[in-house]
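So the chains spell out like this:
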2 protein chains.
Amino acid sequence: MFKVKFVPENTVVLAKLGETLFDAARKAGIYVDSPCNGLGSCGKCKVKVLKGKGNVNFRKSHHITTADIDQGYVLACCSKITGDITVEVPRSQESAFTTMKVEGFEGTNDPDILKGIIELAETNRIQFDSPVQKTYMELDLPTLDDNISDWDRIKRHLLKNSDFNEVSCGLSVLKLLPQIIRHKDFKVTLTYLVENDHGIRVINVESGDTTDRLYGVAIDIGTTSVAAFLVDLCTGKILAKASSGNAQIKYGADVITRIIHSTRKNGLQELQHAVINDTINPLLNKMRKELHLSNNDISVIVASGNTTMMHLLLGVYPDYLRREPYIPAFLTSEFIKASELGLKAHAESLLYILPSVSSYVGGDITAGVLASGLWAEDQNVLFMDLGTNGEIVFGNKDFLLTCACSAGPAFEGGEISSGMRASSGAIENVRIDRRTLDPAIEIIDNQKPLGICGSGIIDAIAEMYRTGVIDSRGKLNRNMATPRIRFDEYDIGEYVLAFKEEWQIPNDITITEIDLENFIRAKGAVYSAVAVLLNSMGIDYSGIDKIYIAGGIGTNIDMVNAITIGLFPDLPVEKFKYLGNSSLLGSYLTLRSQDARLKAEEIASQMTYLELSADSSYMGEFISACFLPHTEMERFPTVKEQRKIV
Amino acid sequence: MFKVKFVPENTVVLAKLGETLFDAARKAGIYVDSPCNGLGSCGKCKVKVLKGKGNVNFRKSHHITTADIDQGYVLACCSKITGDITVEVPRSQESAFTTMKVEGFEGTNDPDILKGIIELAETNRIQFDSPVQKTYMELDLPTLDDNISDWDRIKRHLLKNSDFNEVSCGLSVLKLLPQIIRHKDFKVTLTYLVENDHGIRVINVESGDTTDRLYGVAIDIGTTSVAAFLVDLCTGKILAKASSGNAQIKYGADVITRIIHSTRKNGLQELQHAVINDTINPLLNKMRKELHLSNNDISVIVASGNTTMMHLLLGVYPDYLRREPYIPAFLTSEFIKASELGLKAHAESLLYILPSVSSYVGGDITAGVLASGLWAEDQNVLFMDLGTNGEIVFGNKDFLLTCACSAGPAFEGGEISSGMRASSGAIENVRIDRRTLDPAIEIIDNQKPLGICGSGIIDAIAEMYRTGVIDSRGKLNRNMATPRIRFDEYDIGEYVLAFKEEWQIPNDITITEIDLENFIRAKGAVYSAVAVLLNSMGIDYSGIDKIYIAGGIGTNIDMVNAITIGLFPDLPVEKFKYLGNSSLLGSYLTLRSQDARLKAEEIASQMTYLELSADSSYMGEFISACFLPHTEMERFPTVKEQRKIV
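Quick summary incoming for the structure in this document. Fair warning: this is a prediction, and the values are worked out from it, not measured in the lab.

Within the element layout of this structure, His273 of chain A appears in helix 8 (residues 267-291). On a C-alpha basis, the gap between His273 of chain A and Leu313 of chain A in space is 8.6 Å, while along the polypeptide they are 40 residues apart.

Before going further, it helps to spend a moment on the packing of aromatic side chains. Applying the stated criterion across every chain yields a total of 22 aromatic pairs over all chains. A centroid spacing of 5.9 Å and a plane angle of 65° characterise the contact between Phe164 of chain B and Tyr192 of chain B, whose relative ring orientation is edge-to-face. Within this pair, whereas Phe164 of chain B is found in the loop between helix 5 (150-161) and strand 9 (166-169), its partner Tyr192 of chain B is found in strand 10 (residues 187-194), the two being separated by 28 residues in sequence. The burial state of Phe164 of chain B is the same as that of Tyr192 of chain B; both residues are buried. Relative to Phe576 of chain B, the ring of Phe568 of chain B lies with its centre 5.4 Å away and its plane at 35°, an arrangement referred to as tilted. For Phe576 of chain B, a relative accessible area of 9% corresponds to the buried category. Grouping aromatic residues by their ring pairs yields a cluster made of Tyr527, Tyr541 and Phe636 of chain A. Here the basic side chain of Arg592 of chain B rests over the ring of Phe128 of chain B, its NZ or CZ set 4.1 Å away from the ring centre.

With 44 residues of chain B at the interface, the matching set in chain A holds 44 residues. Contact with chain A buries surface across chain B, with Leu144, Leu171 and Ile327 of chain B losing the most and accounting together for 17% of the total. In this assembly, chain B and chain A are joined by 4 salt bridges. Note that Lys337 of chain B is salt-bridged to Glu340 of chain A, the shortest N-O span being 2.8 Å. At the boundary of chain B and chain A, one finds 12 residue pairs in polar contact (both at pLDDT 80 or more). Those elements giving two or more residues to the side of chain B that touches chain A turn out to be helix 5, strand 9, helix 6 (171-183) and strand 16 (336-337) of chain B.

Take the sheet that holds strand 21 (residues 426-432) of chain B next. Residue and element names in this part refer to chain B. Pairing in this open sheet of 3 strands is mixed, and the strands run 22-21-23 from one edge to the other. The open sheet terminates on both sides in strands that have one partner only, identified here as strand 22 (439-443) and strand 23 (451-452). Across 5 bridges, the pairing between strand 21 and strand 22 is antiparallel. The residue bridging Val430 from the neighbouring strand is Ile441, located in strand 22.

The subject of this paragraph is the packing of helix 7 (residues 255-262) of chain B against helix 9 (residues 307-314) of chain B. Residue and element names in this part refer to chain B. At a minimum axis distance of 10 Å, the contact between helix 7 and helix 9 shows a crossing angle of 30°. By the angle between their directions, the pair helix 7 and helix 9 is classed as roughly parallel. Helix 7 and helix 9 meet at a crossing whose hand is left-handed. Taken together, the residues of helix 9 that come into contact with helix 7 (itself represented by Val255, Arg258, Ile259 and Ser262) are Thr308, Met309 and Leu312. By residue class, the composition of the contact of helix 7 with helix 9 is 4 nonpolar, 2 polar and 1 charged.

The rules behind each value
Residues numbered from 1 in each chain as written. Chains lettered and ligands numbered in written order. Predicted model: local features only at pLDDT ≥ 70, side-chain atom pairs only at ≥ 80, totals over all residues. Heavy atoms only, no water. Helix = DSSP H or I, 4+ residues; strand = E, 2+ residues; numbered from the N terminus. Phe/Tyr/Trp six-rings, centres within 6.5 Å; stacked < 30°, edge-to-face > 60°. Buried < 20%, exposed > 50% of the residue type's maximum accessible area, 1.4 Å probe, protein only. Lys NZ or Arg CZ within 6 Å of the ring centre and 35° of its normal. Contact = heavy atoms within 4.5 Å. Buried area = accessible area lost by both parts, 1.4 Å probe. Salt bridge = Lys/Arg side-chain N within 4 Å of Asp/Glu carboxyl O. Polar contact = N/O pair within 3.5 Å; in protein donor to acceptor, adjacent residues only side chain to side chain. Pairing = 2+ DSSP bridges. Axes fitted to C-alpha atoms, helices over the stretch in contact; angles between N-to-C directions. Parallel < 35°, antiparallel > 145°, perpendicular 65-115°, else oblique. Left-handed = near helix turned anticlockwise from the far one by under 90°. Nonpolar A, V, L, I, M, F, W, Y, C, P; charged D, E, K, R; others polar.

Here it is, written out as structure tokens:
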């Protein structure tokens, strides 16, 4: 066994001969960024060997340059330990994860979006009556002649004073009942789930009148990040917000990598534990503490997420999601006990998850369609959720067609060498000077740049394309006289957005040809998915009346730039609207409204899913779309026009 | 702190000044019999101080003689520790508990009783269709075109091939589903609970066809002992039987003592743990192992017991059961997850408890009425369950009237100095020679006598009364020349059933005047309850067509002797029938039949409960009944006749 020391933590673990640095770091509890979960394909797990360079047997790769190697950098997942060693994990890696712990709601913080969503729901006749409600009752006091049980006394009162004729309760309610009911002389408040028109399930009993205290939580569980609202169910007011990275990220950046991890020994439990104990519970705690609420105050949780996230949340084996014919174990679930999953809430608190449509169109999309009001539109709407992967819905009140494209995590900064989420320190806007080719960048929170987020990458690529820094294949121009364009020993080019000397940062922030290739493939996947979806309906782009953009791609997305690179169809910008985290907004509506929940179930069951991999035209469309903006320039008339001007 | 050593275990614990020997023994995990749970009233916790007599500060009581004290005996609960000490706990105490671990079904082992119960149920149109059933299905294999989720595939099959239109499942079913369903190519067997005419809840999924393997357990949870059947639900066959003492006994012999214990710190959890982990789970394990079944093979458990036992089983605070106006927290419960209580069964296995009627008429009585067929009788039936306490039902198919009498544990040997349950070593029959006044005794399993059980005490008292050894007040005759009658220093008399020299046993087995007083009070409570019940209907004894006797009082009860002492009304013995453990038999029926369950719920809700303590005539009746057989001899014409003959 060899000693592996990690600095600056000074954590030492023992490793066996041949174990990778990546495994050793995981054992030590040190976070090493690894979107590919140790497969050697992403190049993100660079670490610096400080002592014992001879004790590492590393594999070369295009992710690592000779200069890197000279400085001691290796890829942790491609480096086998053969002796004692001291390793430094670059701070930027750590911060990429920790900065995700700060709030960042991708536009859902915008009160106008929330207000709009609520008004839209009301317009569409969604009533706000939460599935979990409270009722206060003053019971008859028991006597020798009226000696029915405590529970029967409650039932009798309910049957007499409500329209419900089926009343049940959970075991922990019975356990509390005798003392709670007597604490304030048979005056109690029940919390209950409305199961259907005639039946309720009591989930809590409290002494006295507590009808003004009823709280729920809406959560969007994204592959990359998780965001939540704590809601006062009496008023609908959002009392607290919280978000963080999904702690599952240590097991890989995308759903496929996570699914593969779930098939390993204890993998599924590790993933479930990461999302529940290390992600959701801390968010719940943070919000509760802000409001001085206890665990028991949370009566209901509504969650939305992609189908894989929902499998991992419930601890259901997800491996068949990724194997043809791509079958999920479940799409919908009844209300289940939150405590059964280890969520920190009252023992009988309920969890509802938004219904999914298929293996790759999840409850987050159902929630987004619900929140957007698409389901009630007369006009044709194209809805695009661009986060980790992309999902697309096209339709109106009469039909809903959906598909998923394997765009990967590029829109959220994944698979991009300097990529990061749209949080503090991310470059979110880029403009390149036509003459000097120097960039002007805007950084979230106006601090030193840490990396670049989705909207920044779109800007950068659009500007590089406009200024001729790159060509339509995403290759750098070798004939431009600027130190910002340079080529490494493997002849891979990059454009420097921020020199370390300029900003006093540890490393240059660049966009490499590999980044460009990855991003162009991602945008090509989205564009071609839209094309196939429209084709299948026999509708062309002019048939799109509105385009709603949602998801982690970021608030500050520049629609013109996104059209320029061929991510979105070339349509007037007035038709575009950014919805923010529509998954969270849909969860919020479902938390507040039974109508909304039933509507969500209707939406999920009525959506027609198109499996792109089974569509013969998709591959052709995809290949044509892997250019800036597209091989068929006539599909992008305004971009053609711009190029002429430049 | 002082050292307290218990022999022969050689267990040493530390005790504080003033701590009782009883508490020290409990801390050491040493079983000390104590029906009163340390209140000093039962006199059963005699222990012998071997070393350090001066280090015990003990209270004198009529339970302990000077001879006892000279030998070192003290009552553990009345003895405070003031220094180091070595104590011996008499073996007979331990064995009283451990012998209860052997089988002893109080007649339910009798195949004729079981056969009779089943035939009776069939005659009364009870169909045997278990609430938990299995179904085998061969599902369509999924394809890209038929890519619904695994769970939706199962639902689709059920909706197409059955009359059910509502299908739900538990979380652990979903978790297993993806792998189980593929293990044998989408051929699976579902285990499900029939919730109502149109809805089922799936509780297990297995690969392939396992429809011939479906098992359930019926349990009677008595205050003193617990008995169970493991049943093949396909055939109804009882595959295994097991019984043992209720491990709660260490917290007191009767329900009141246990309720008081439940109000102490951790008391409720200790009681719940004792019945589940230390009593029921070992019984389940024993039966499963006999049949080579796993935990997962147990799909459903049906339990019956008195109302306190049901509160303690579910962990519900029972204190208000004993406080006027005697209100239970609940009487009925839906099917609940057995695993939620820590019962060793499949994660989604269900527990159903027979509905109770009131605080002191529990699900055991509902089960007994169900099994006895009383609810379908044209004739008037008096049903008496005599175990720890006594419950009485009078009625027929048109009405059911019930009451509970606080008879205490005397019928099961409790509160009797040499009393024990009807198990190995118990004196179960006694005849006294008219001339020599020597007893002829019969002992269960023909071994050395350990004590005397309910039926033995009844015989002994009847014979002592017939032979003039005692008078109608239960006092010993001071003028009879026999060494079997003797008086102690407090002038309390006793009759020796077995001299230690005769049988080579550690102590004489006697019946004392205190035992007689206790037993007469118990039988008086039962007889007077019957009297009040009949009075309230305006019916006299001649209106009783049949008498069913059930419960721990024992198979070998001599009806004539029971009439002689005035326990039962003086009616022809042909009218009496012993039903054995009718609570267990009722559980068994409920396990096998939805009809039976619905009938049990109907019985419980239709039974009219008479609260004796609120009845003005009860006290008078009770006082008159505390004589042998009764103050009004004309109520016992055959006994009057016997006395004349003798």
